Amino acid sequence: MSAQQRKEFLSVALPRLLEAYGDAECSLHFRNPFELLVATILSAQCTDERVNKVTPALFKRFPDARALAQGSLKEIEKLVQSTGFYRNKAKNLKAMATDLVAMYSGEVPRSMPELNALAGVGRKTANVVMGNAFGEADGVVVDTHVGRLSRRMGLTKKTDAVQIERELNSLVPREHWVAFPHWLIQHGRKICSARKALCQSCFLADICPKKGISRKQLQALKLPAPSATLSA
Ligand code: SF4
């Protein structure tokens, strides 16, 4: 699809996604930016549900950056073990907390370049914290699910997360940057999963460029007209 076609697709798709998943939000549990930063680092290659099981004990033992920076690597590893890749994650958490203490007196900075400069914090993690802890998205969060859905819907052909983010940032209105990934993740869970796209039940089937549904099937669908409108 051309950039214009992708924008036209989104002008119809966004109100429908908003109507269907308007209350979707970050599924990681956190009480402050530090906790979200830690939880997001732990969520790499792991489900949010699993992370949410691990973080209460972790935050009880290490409630802030200073405590985590001084924590023993062995103890952190033990606490995060069930999230997978625990040695690396424990090392990253300790290094990130050490940076926070050394550079920002233990406070999580409120800007993309500062967040991105912390040990173990990539653009995706920084975007999650900027959008969901500070409400100031610097870009669309692109994880595996957002990348997959965006490709399936024809919004990008890229596979690199940073390139996908750049494309989505130019297509999705800025006021939806925080919510858009949550909508796609919900859509992936409920209708358009990696294993099976339920195109026959999908409220985007009349506009989705995926080839998994025939023209005849499309015509046979009784699709609801979009009823929600996006805020300006
Ligand atoms: S029409 Fe099919 S491929 Fe397109 S978003 Fe819906 S379920 Fe996914």
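Parameters and conventions
- Residues numbered from 1 in each chain as written.
- Predicted model: local features only at pLDDT ≥ 70, side-chain atom pairs only at ≥ 80, totals over all residues.
- Heavy atoms only, no water.
- 1 Å grid on protein atoms, 1.4 Å probe; cavity = no way out; pocket = protein on both sides within 12 Å on 5 of 7 lines; lining within 4 Å.
- Points joined across faces, edges and corners; volume = space filled by probe spheres on them.
- Nonpolar A, V, L, I, M, F, W, Y, C, P; charged D, E, K, R; others polar.
- Helix = DSSP H or I, 4+ residues; strand = E, 2+ residues; numbered from the N terminus.
- Buried < 20%, exposed > 50% of the residue type's maximum accessible area, 1.4 Å probe, protein only.
- Contact = heavy atoms within 4.5 Å.
- Polar contact = N/O pair within 3.5 Å; in protein donor to acceptor, adjacent residues only side chain to side chain.
- pLDDT = per-residue confidence, 0-100.
- Core = buried A, V, L, I, M, F, W, Y, C linked by side-chain atoms within 4.5 Å.
- Near = heavy atom within 4 Å.
- Sits in = over half its atoms within 2 Å of the grid points.
- Salt bridge = Lys/Arg side-chain N within 4 Å of Asp/Glu carboxyl O.

**Quick notes on empty space enclosed by the protein**
Reasoning step 1: Scanning the model with the defined rule gives one cavity of 30 Å³ or more in all.
Reasoning step 2: Space inside the largest cavity adds up to approximately 130 Å³.
Reasoning step 3: Forming the boundary of the largest cavity are 14 residues, of which C192, C199, C202, C208 and K210 lie nearest the centre.
Reasoning step 4: Tallied by class, residues from the lining of the largest cavity come to 11 nonpolar, one polar and two charged.

**Brief notes about the environment of E136**
Reasoning step 1: Here E136 lies in the loop between α8 (123-132) and α9 (144-152).
Reasoning step 2: A relative accessible area of 34% places E136 in the partly exposed class.
Reasoning step 3: It is 25 Å that separates the C-alpha atoms of E136 and G188, two residues lying 52 residues apart in sequence.
Reasoning step 4: Excluding anything up to four places from it in sequence, E136 contacts R110, M130 and G131.
Reasoning step 5: At 2.9 Å, the side chain of E136 and the side chain of R110 are in polar contact.

**Here we look at unusual backbone geometry**
Reasoning step 1: Its identity is not glycine, yet Q45 carries a phi of approximately 55 degrees, on the positive side.
Reasoning step 2: Assignment of secondary structure puts Q45 in the loop between α2 (33-42) and α3 (48-61).
Reasoning step 3: Judged by relative accessible area, which is 68%, Q45 ranks as exposed.
Reasoning step 4: The phi dihedral of S105 is positive, around 50 degrees, even though this residue is not glycine.
Reasoning step 5: Residue position: S105 is located in the loop between α6 (86-104) and α7 (112-116).

**Overview of the confidence of the model for the protein**
The predicted structure's coordinates, where accompanied by low pLDDT, should not be read in detail.
Reasoning step 1: Considering every residue of the protein, the mean pLDDT works out to 90; 91% of them sit at 70 or more.
Reasoning step 2: Here residues 222-232 scores under 50 on pLDDT; set against residues more than four positions off or in separate chains, the count is 19 contacts.

**Focus: the nonpolar core**
Reasoning step 1: Ranked by size, the top nonpolar core spans 37 residues in total, and within it L37, V38, L93, M96 and L100 carry the most contacts.
Reasoning step 2: Counting residues per element, the ones that place at least two in this core are α2, α3, α4 (65-70), α5 (73-80), α6, α7 and α8.
Reasoning step 3: Not counting residues within four places of it along the chain, the set of residues in contact with L100 comprises F34, L37, A65, S105, G106, E107, V108, P109 and L118.
Reasoning step 4: Formed by 31 residues, the second largest nonpolar core is a distinct cluster that contains L10, W183, A197 and A205.

**Examining the site of the ligand**
Reasoning step 1: Close contacts around the ligand come from R152, H187, I191, C192, A197, C199, C202, A205, C208 and K210, and that covers them all.
Reasoning step 2: Taken atom by atom, the bulk of the ligand overlaps the largest cavity.
Reasoning step 3: In terms of residue class, the shell around the ligand is made up of seven nonpolar, one polar and two charged.

**Description of the pattern of salt bridges**
Reasoning step 1: Evaluated as defined, the whole model comprises eight salt bridges.
Reasoning step 2: The partner of R16 in a salt bridge is D206, and the shortest N-O contact between them spans 2.7 Å. One end of the pair, R16, is in helix α1 (residues 3-21); the other, D206, is in the loop between α11 (179-190) and α12 (215-220), and 190 residues separate them in sequence.
Reasoning step 3: You can call R16 buried: its relative accessible area is 7%.
Reasoning step 4: What makes D206 partly exposed here is its relative accessible area of 37%.
Reasoning step 5: R110 serves as the salt-bridge partner of E136, at 2.9 Å between the closest nitrogen and oxygen. With E136 in the loop between α8 and α9 and R110 in the loop between α6 and α7, this pair connects stretches of sequence that are 26 residues apart.
Reasoning step 6: Note on R110: relative accessible area 48%, which makes it partly exposed.

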